[in-house]
Amino acid sequence: MKRGPRETADSSRRLTRRSILLGTAQLGIVGVLGARMSSMQVDQADTYRMLAEENRINIGLIPPARGIIYDINGVVLADNEQHYSIVMTREGAGDVDEVLARLGRLISLDPEKLEKAREELKVRSAFVPVTVAERISWEDLARVTVNAPALPGVVAEHGRSRHYPQGADLAHVVGYVGPVSDYDLSRIDDQDPLLQIPRFQIGKTMVENQLEQELRGSAGTKRVEVNAAGRVMRELDRVEGIPGADVQLTIDARLQNYMHARLDGESAAAIVIDVTNGDIKGLASTPAFDPNVFVQGISTSLWNELNERDIDSQLHRRPLAAKAVQGTYPPGSTFKMVTALAALEDGVIQADDTVRCVGHIDVFDVRFHCWKRAGHGNMNLNDSLKHSCDVYYYDIAQRVGIDKMAAMGRKLGLGERHDLPLSAIRSGIMPDKAWKRAARGEDWRIGDTVNASIGQGYVATSPLQLAVMTARIATGRSVKPRLVRSIGGVEQPSGAGESLGLNENNLRRVRRAMFDVSNNNRGTAYRSRIAVEEFKMAGKTGTSQVRRITAEERRAGVTRNADLPWNRRDHALFVSFAPADNPKYAVAVVVEHGGGGSTVAAPIARDVMLQALYDGTPPLEAYPSAVRGRIAEQQKHIATMLRDIRPGPTVEEA
């Protein structure tokens, strides 16, 4: 049907309005886009320029220099030494196996680390460097550099890593560092981005671990230009980090070296404490290990060797264990001062009261023997310590009771975890009635008290605790052990301690008895006395039973402790302080499965004490005349051992 002129005009007007509306909308959209483009190009230009810059420039972290650890005299115990390593990139090498084979013909490559490098080269980006060899010698570095044209993708780098100049002698004090692991990240709540740096070293044990935050320092930064693939093109600038704080310990490295040499061949621990301020001058555990082998990661074979688990083996002496703080042992007769002071303070005995020892005592239907089967006769306090009579303590313990004995033990530092920056410090056990109910679900028995009176049964102490106990008896103060003298130059609190509140007359009687142990010709440690008057030593022997010889073993001819396998023999202990009339040092020695305290531990403690008092090798006149020939030979032997130890530089040299 044909439209008329009027209809055609109406249709044209509708089309014209629609076109105008569409055109207006289009112009509006173009205007909005234009305004947005103007805003992005002019108003927000800086923002988008920054985003583009971030795509082109990466900010990386620079590990700070780790704080240095010194001894009391400024001898370096842990420092940072320059080392050289070999790295490889997959894209530069091309045929990785062929290049590694060439490299292996030039320098020695550790098979385990080489295999690990191969795996990393497979999974990492082609341009990311992977470490193939670490801590190579200067000669190896030169050999690789000269042959660089035949080693595409191989680059020699230099850096700094931890070094322990004193080797094994300070391993159980300073500890060691190692590359941060996934396990480390899972167990510590630390958001420091430094921990994300591949193979960044952190403290794993002892002071290195416990003072990690102080020693680590703060990261520096560097800006590097990268291409679209992420490859570093050039470094634009850098800001160095803040080095970690230096730490000075109370340890005397020279004394520590001597202690390790003197304990050589034993599974043992020894501690020297300055009783005037609590400073630990020496803290030795043997056997030990070289902490330097852990710095870059230890081999599986060496790790297995250090963790020997065959308890029947003579070699089961736990070189990784810091026995001085992690080992706990029945204190044996070194505990008798605790029982004596508890009874004196409670008033159940006087110093002159006597107990008759006939070689045993019967408690209900159980017979408890003295170490001297024939008995000691009438014993007062002084005699009981001098002869180490067991029956005397069996008797007075029943009168004073375990709870008061335990309270005295805690007052003297037993059953307490002393606050030192060392790993896995043990608190030991200072048992009482409540402890047995909670730990064993049983009531305390009178036989338990009798056993505890001579440091057996449930009582367990560490060498550190025994040294603290001795220092507190010597001074009458709550001496607290201190291992760190200063951090970043800031002096740490003294451990001199306040008065224990014990009766001074009671302390004086116990000290006098300890003096007679070492200086009376009937004392158990008389053969290990100090001969010079000005340095006379007070002490107490101890032998803690590991297991009894059974009737069957006796029938088979095993009658002495020495007849047993090494790991079933008694522990030997000795505690002492000197000079007796004006105490300066307290010493504790524990020799695992050493046998008698008087024959094994006491001579070691005497020698260590003299080394501390003389601040070096003592004259032969300091020893009893009967042993001077043997001591002269011993000093020569130890001097030879000490010459093999590389001395660390002092703080001035570093």
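Residues numbered from 1 in each chain as written. Predicted model: local features only at pLDDT ≥ 70, side-chain atom pairs only at ≥ 80, totals over all residues. Heavy atoms only, no water.

Visitor: Would you mind going over the overall build of the chain with me for this structure?
Guide: Scanning the chain from N- to C-terminus turns up 24 helices and 21 strands. A total of 654 residues make up the chain; the buried ones form 50% of that total. Sequence separation of 24 or more characterises 72% of the internal contacts of the chain that already satisfy a separation of 6 or more. A total of about 31,700 Å² of accessible surface is found on the chain, and carbon and sulfur atoms cover 50% of it. (Helix = DSSP H or I, 4+ residues; strand = E, 2+ residues; numbered from the N terminus. Buried < 20%, exposed > 50% of the residue type's maximum accessible area, 1.4 Å probe, protein only. Contact = heavy atoms within 4.5 Å. Areas by Shrake-Rupley, 256 points an atom, 1.4 Å probe, with all protein chains shown as cover.)

Visitor: Looking at this model, I keep getting lost on unusual backbone geometry. Mind explaining?
Guide: If a residue is not glycine, its phi is most likely negative; likewise, a peptide bond is most likely trans. Here Thr 286 and Pro 287 are connected by a cis peptide whose omega angle stands at -5°. Relative to the elements of secondary structure, Pro 287 occurs in the loop between strand E12 (280–286) and helix H12 (300–306). Along the chain, Ala 578 connects to Pro 579 via a cis peptide bond; the corresponding omega equals -10°. Considering the arrangement of structural elements, one finds Pro 579 in the loop between strand E20 (571–578) and strand E21 (585–591). Notably, Ser 388 is not glycine yet its phi reads approximately 55°, a positive angle. Mapped onto the secondary structure, Ser 388 falls in the loop between helix H15 (381–387) and helix H16 (390–400). Looking at Ser 388, the relative accessible area reads 5%, which means it is buried.

Visitor: Sorry if this is basic, but what is going on with the side chain of Thr 470 here?
Guide: You can see Thr 470 is positioned in helix H20 (residues 463–475). Here Thr 470 is in contact with Val 575, Ser 576, Phe 577 and Ala 586, once residues within four sequence places are set aside.

Visitor: Whenever I open this one, the environment of Ile 68 confuses me. Can you help?
Guide: Along the chain, Ile 68 turns up in the loop between strand E1 (57–62) and strand E2 (69–70). Note: C-alpha distance between Ile 68 and Ala 245 (177 residues apart in sequence) is 7.4 Å.

Visitor: For this particular structure, what's the right way to read the sheet that holds E20?
Guide: One key point about sheets: their strands pair by backbone hydrogen bonds, in either a parallel or an antiparallel sense. With antiparallel pairing, five strands are arranged side by side in an open sheet as E12-E11-E21-E20-E19. Strands with a single pairing partner mark the edges of an open sheet, and in this sheet they are E12 and strand E19 (538–544). Within the sheet, the average angular offset between the axes of one strand and its neighbour, ignoring direction, is 5°. In the sheet, strand E11 (residues 268–274) pairs with E21 via seven bridges, with the strands oriented antiparallel. Across the sheet, the residue bridging to Val 272 is Val 587, located in E21. (Pairing = 2+ DSSP bridges. Axes fitted to C-alpha atoms, helices over the stretch in contact; angles between N-to-C directions.)

Visitor: Looking at this structure, how should I read the pairing of strand E17 (residues 484–487)?
Guide: For a regular strand, side chains alternate in direction, first toward one face of the sheet and then toward the other. Sheet topology note: the strand E10 (residues 247–249)/E17 ladder contains three bridges and is antiparallel. Counterpart to Val 247 in the pairing with E17 is Ile 487. Bridge analysis of E17 against strand E18 (residues 490–491) gives two bridges, and the strand direction is antiparallel. Bridge pairing in E18 links Ser 486 to Glu 491. What sits between E17 and E18 in their antiparallel hairpin is a turn of two residues, with Gly 488 showing a positive phi close to 60°.

Visitor: Would you take a moment to explain empty space enclosed by the protein for this structure?
Guide: The rolling of a water-molecule-sized probe over the atoms marks out the regions of remaining empty space. Enumeration over the complete set of coordinates arrives at one cavity of 30 Å³ or more. Volume-wise, the largest cavity comes out at about 30 Å³. Surrounding the largest cavity, Leu 77, Tyr 164, Gln 166, Gly 167, Leu 170, Ala 171, Val 174, Gly 175 and Pro 291 form its lining. Each residue belonging to the lining of the largest cavity can be placed in one class, and the counts come to six nonpolar, three polar and no charged. (1 Å grid on protein atoms, 1.4 Å probe; cavity = no way out; pocket = protein on both sides within 12 Å on 5 of 7 lines; lining within 4 Å. Points joined across faces, edges and corners; volume = space filled by probe spheres on them. Nonpolar A, V, L, I, M, F, W, Y, C, P; charged D, E, K, R; others polar.)

Visitor: Hey, could you run me through helix H14 (residues 336–346) in this one?
Guide: Quick reminder: α-helices carry 3.6 residues per turn. Residues three or four places apart thus point the same way. Summarising burial for H14: nine of the 11 residues are buried, a large majority. Residues of H14 that are buried: Lys 336, Met 337, Val 338, Thr 339, Ala 340, Leu 341, Ala 342, Ala 343 and Leu 344. Gly 347 lies just past H14 and shows a positive phi near 80°.

Visitor: How do you make sense of the pairing of strand E14 (residues 360–363) when you look at a structure like this?
Guide: Of the two faces of E14, the one lined by Ile 361 and Val 363 is fully buried and the one lined by His 360 and Asp 362 carries no buried residue. Sheet topology places E14 next to strand E15 (residues 366–369); four bridges connect them, and they run antiparallel. Note that in E15 the partner of Asp 362 across the bridge is Arg 367.

Visitor: Explain helix H4 (residues 96–106) here, please?
Guide: Along H4, the positions that sit buried rather than exposed are Val 96, Val 99, Leu 100 and Leu 103. An end-on view of H4 places all buried positions within 100° of arc, on one side of the element. Those residues of H4 that are buried lie in contact with strand E3 (76–88), helix H3 (90–93), helix H5 (111–123), strand E4 (130–136), helix H6 (138–146) and strand E5 (154–163). In this structure Asp 95 caps H4, since a side-chain oxygen of it lies 3.4 Å from the backbone nitrogen of Asp 97. (Arc of directions from axis to C-beta. Polar contact = N/O pair within 3.5 Å; in protein donor to acceptor, adjacent residues only side chain to side chain.)

Visitor: For this particular structure, what's the right way to read the pattern of salt bridges?
Guide: Side-chain pairs of opposite charge can arise where the charged atoms are in close proximity. The full count for this structure, using the stated rule, is 30 salt bridges. One salt bridge connects Arg 485 with Glu 491, and the closest N-O pair in it is separated by 3.9 Å. The class of Arg 485 is partly exposed, set by a relative accessible area of 30%. On the accessibility criterion, Glu 491 (48% relative accessible area) is partly exposed. (Salt bridge = Lys/Arg side-chain N within 4 Å of Asp/Glu carboxyl O.)

Visitor: I keep staring at the environment of Gln 350 and nothing clicks. Help me out?
Guide: Among the secondary structure elements, Gln 350 is positioned in the loop between H14 and strand E13 (355–357). Sequence separation between Gln 350 and Asn 506 is 156 residues, and the spatial gap between their C-alpha atoms is 9.2 Å.

Visitor: Looking at this structure, how should I read the packing of H16 against helix H19 (residues 446–453)?
Guide: The angle between the axes and the distance between the axes are what describe a pair of packed helices. Relative orientation of the contacting elements H16 and H19 amounts to 130°, with a least axis distance of 8 Å. When the axis of H16 is compared with that of H19, the two are oblique. Relative to H19, the crossing made by H16 is right-handed. Between H16 and H19, the contacting residues are Tyr 393, Tyr 394, Ala 397 and Gln 398 on the first element and Ile 446, Thr 449, Val 450 and Ser 453 on the second. Split by residue class, the contact of H16 with H19 holds five nonpolar, three polar and no charged. (Parallel < 35°, antiparallel > 145°, perpendicular 65-115°, else oblique. Left-handed = near helix turned anticlockwise from the far one by under 90°.)

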